[in-house]
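Analysis of the macromolecular model
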Amino acid sequence: MKKYLALILGLLLIIPIISLAGCTNEKPNTGGANKVVVIRTVGATFPKYQIEKWIKDYQKVNPNVKIEYQGGGSGYGQEAFLKGLAQIGRTDPPVNKKMWDKFLATGDQPLQFPEIVGAVVVSYNIPEIKDKTLNLTPDVLAEIFMGKIKYWDDPKIKELNPGLNLPHKEIITIHRSDASGTTAIFTTYLSVASNVWPKNKVGKLWPFPGGLAGKGNPGVVAILEKTPYSIAYTELSYAIENNLPVAALKNKAGKFVKPTDETIKAAVAEVKANIPDPTEGYKENLTQLLNAPGENSYPIVAFTHFLIWENKNGKHYSPEEAKAVKDFVRWVLTEGQKPEHLAPGYVGLPESVAKIGLKAVDMVKE
C-alpha cells in the first residue's frame, strides 16, 4: 500500500512540471507579426503638443509600434541621442559643429532635418489688463528681459499701449532653467531684431542674471500663471493650451502682429528656406525665418528638428527599430503634415523642406 501511495505522489509531482514545461514552450517569443517595437523620442519641448498628437494619430493605425515621448529640452535631446538613449532626438536650433563631430565620432552618420514650424510667443500675467493685447517692439522687449525696463508703467511701454491701464508694478521676467531651444530662438531673434541686445548673448542657456527660471516650457508656464506682473517667452501651443494672453510684436515691416496660423505661414512664405543636406545639418542657419519681411509676418518663427541615425552596420538600431523609425518619420513628413494631424499653434512644412527629411529617411539602413 505504501508503495502505491509513493508512486501516486511521485506522479502528482511530475505532472505539473511537465505541464509547466509544455506551457513555456507552447508560444515562444519569435518576434512575429504582433511583436511591439518601442521607439523613444527625447528632447525639445517646443513641439510637445505636436509630437503627442502625431504619436496618438500614428499609433491608431500602427499599433505594433509604441512611440515613447520625453521632454528635457533641446540640449538634453542632443545628449540623449548621442548616448543612444533615444532612437529619435529632437532639437529646435540646428546642432552645432562641435556636437555634430561628437555624433560622427560614434562611427555613425547623424541626419538632421525640420519636422514642423512653430512660433515663440511673449506671454504675460498683468491682472489690470488681463487678456488685452500688449504691444511690444524688439527694443522694448529686449530691455525688459535685460532688466533695463523695470516697471510695467515705464514710458516706453506706455507709449506703445495708450489704451491699457498699466500699473506701477515691478516686472518679473521668467526664463528657462535648462538648455533650451526655445531660449536659443528667442535670444537669437532679439539679437537680430533689436538694436540693444548684445550679439554675443545668444544660445540655449539664458545669458542674464535675475528673474525666475522654469524647466521646460511647462515649467515656465506654471510659474507665469501663478506670478502676477510676470512676463515669459514660450511656444505658441502652450499659450493656446493654457489660454494665455500673447503680445503683438512689431515686425520688420513696422506692423504689430500676433501669432496665428496665418501670420506664421506668412513668415514662412516670405523666406526661401535654405536647409542643408541631412548629413550636414550643423550648417543650417537658425536666423533664416526670424524677423521675416512682409506686413503680415509674425517675427519669431522657427523650424524644430528631428535627429536620426543612418545606422551604419546596425550601429544604433536593430532591423525592427530601423524599420519603425523610418515608417514613423515618413508618416510625420507626409500624412502628419496634413491639417487633421496638426496640433493648434503649429504649421506644416513647405513641401520642399519635407522632401529633405524624406531623403534622410531613405538613407536609414535596416
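A quick note: this is a predicted structure, and the numbers were derived from the prediction, not measured. (Residues numbered from 1 in each chain as written. Predicted model: local features only at pLDDT ≥ 70, side-chain atom pairs only at ≥ 80, totals over all residues. Heavy atoms only, no water.)

**Examining the environment of Glu321**
Tracing the chain through its elements places Glu321 in helix α11 (residues 319-333). Between the alpha carbons of Glu321 and Pro259 there is a distance of 38 Å; along the sequence they are 62 residues apart. A distance of 3.2 Å separates polar atoms of two side chains, one belonging to Glu321 and the other to Gln87. A polar contact is formed between the side chain of Glu321 and the backbone nitrogen of Ser318, at a distance of 3.0 Å. (Helix = DSSP H or I, 4+ residues; strand = E, 2+ residues; numbered from the N terminus. Polar contact = N/O pair within 3.5 Å; in protein donor to acceptor, adjacent residues only side chain to side chain.)

**Looking at the sheet that holds strand β1 (residues 37-43)**
The eight strands lie next to each other as β2-β1-β3-β11-β4-β8-β6-β7, forming an open sheet whose pairing is mixed. Among the strands making up the open sheet, the edge pair consists of β2 (65-72) and β7 (212-214). Within this sheet the neighbouring strands show an average axis-to-axis angle of 25°, counted without direction. Both β1 and β2 contribute to a ladder of seven bridges, which runs parallel. Across the sheet, the residue bridging to Gly43 is Gly72, located in β2. The strands touched by α11 are β1, β2, β3 (88-91), β4 (110-125) and β11 (301-309); relative to β1, the strand with the most contacts, the crossing angle is about 60°. (Pairing = 2+ DSSP bridges. Axes fitted to C-alpha atoms, helices over the stretch in contact; angles between N-to-C directions. Contact = heavy atoms within 4.5 Å.)

**A short note on the side chain of Lys326**
By the element assignment, Lys326 lies in helix α11. By relative accessible area, which is 13% here, Lys326 ends up buried. (Buried < 20%, exposed > 50% of the residue type's maximum accessible area, 1.4 Å probe, protein only.)

**Examining the packing of helix α3 (residues 74-82) against helix α4 (residues 97-104)**
For the pair α3 and α4, interaxial distance at closest approach is 10 Å and the crossing angle is 20°. Relative to α4, the element α3 is oriented roughly parallel. Between α3 and α4 the crossing geometry is left-handed. Contacts from Gln78, Glu79, Phe81 and Leu82 in α3 reach Met99, Lys102 and Phe103 in α4. Here the contact of α3 with α4 is composed, by residue class, of four nonpolar, one polar and two charged. (Parallel < 35°, antiparallel > 145°, perpendicular 65-115°, else oblique. Left-handed = near helix turned anticlockwise from the far one by under 90°. Nonpolar A, V, L, I, M, F, W, Y, C, P; charged D, E, K, R; others polar.)

**A few points about the nonpolar core**
Within the largest apolar cluster, 106 residues are counted, with the highest numbers of intra-cluster contacts made by Leu136, Phe186 and Val329. Tallying contributions element by element places β4 first for this core, with nine residues. Excluding residues that lie within four positions of it along the chain, Phe186 makes contacts with Val120, Val122, Leu141, Phe145, Trp206, Tyr233 and Ile300. (Core = buried A, V, L, I, M, F, W, Y, C linked by side-chain atoms within 4.5 Å.)

**A look at empty space enclosed by the protein**
A full pass over the atoms with the stated rule returns one cavity of 30 Å³ or more. Its boundaries defined by the atoms lining it, the largest cavity holds a volume of some 40 Å³. Forming the boundary of the largest cavity are Glu284, Asn285, Leu286, Gln288, Leu289, Ala302, Phe303 and His305. (1 Å grid on protein atoms, 1.4 Å probe; cavity = no way out; pocket = protein on both sides within 12 Å on 5 of 7 lines; lining within 4 Å. Points joined across faces, edges and corners; volume = space filled by probe spheres on them.)

**With respect to the pairing of strand β8 (residues 230-235)**
Taking burial as the measure, the six residues of β8 include six buried ones, the bulk of the element. Here β8 shows two buried faces, one formed by Ser230, Ala232 and Thr234 and the other by Ile231, Tyr233 and Glu235. Note: β4 against β8, six bridges, orientation antiparallel. Bridged to Val121 within β8 is Thr234. For strand β6 (residues 172-176) and β8, the ladder comprises three bridges, and the chain directions are parallel. When the sheet's bridge partners are listed, Thr173 is paired in β8 with Ile231.

**Regarding the packing of helix α5 (residues 138-146) against helix α7 (residues 181-193)**
Two numbers describe how α5 lies on α7: the axes approach to 9 Å, and their chain directions differ by 130°. Taken together, the axes of α5 and α7 lie oblique to each other. In the packing of α5 onto α7, the handedness of the crossing is left-handed. In this structure, α5 uses Pro138, Leu141, Ala142 and Phe145 to contact α7, whose residues at the interface are Phe186, Tyr189, Leu190 and Ala193. Among the residues forming the contact of α5 with α7, the class breakdown is eight nonpolar, no polar and no charged.

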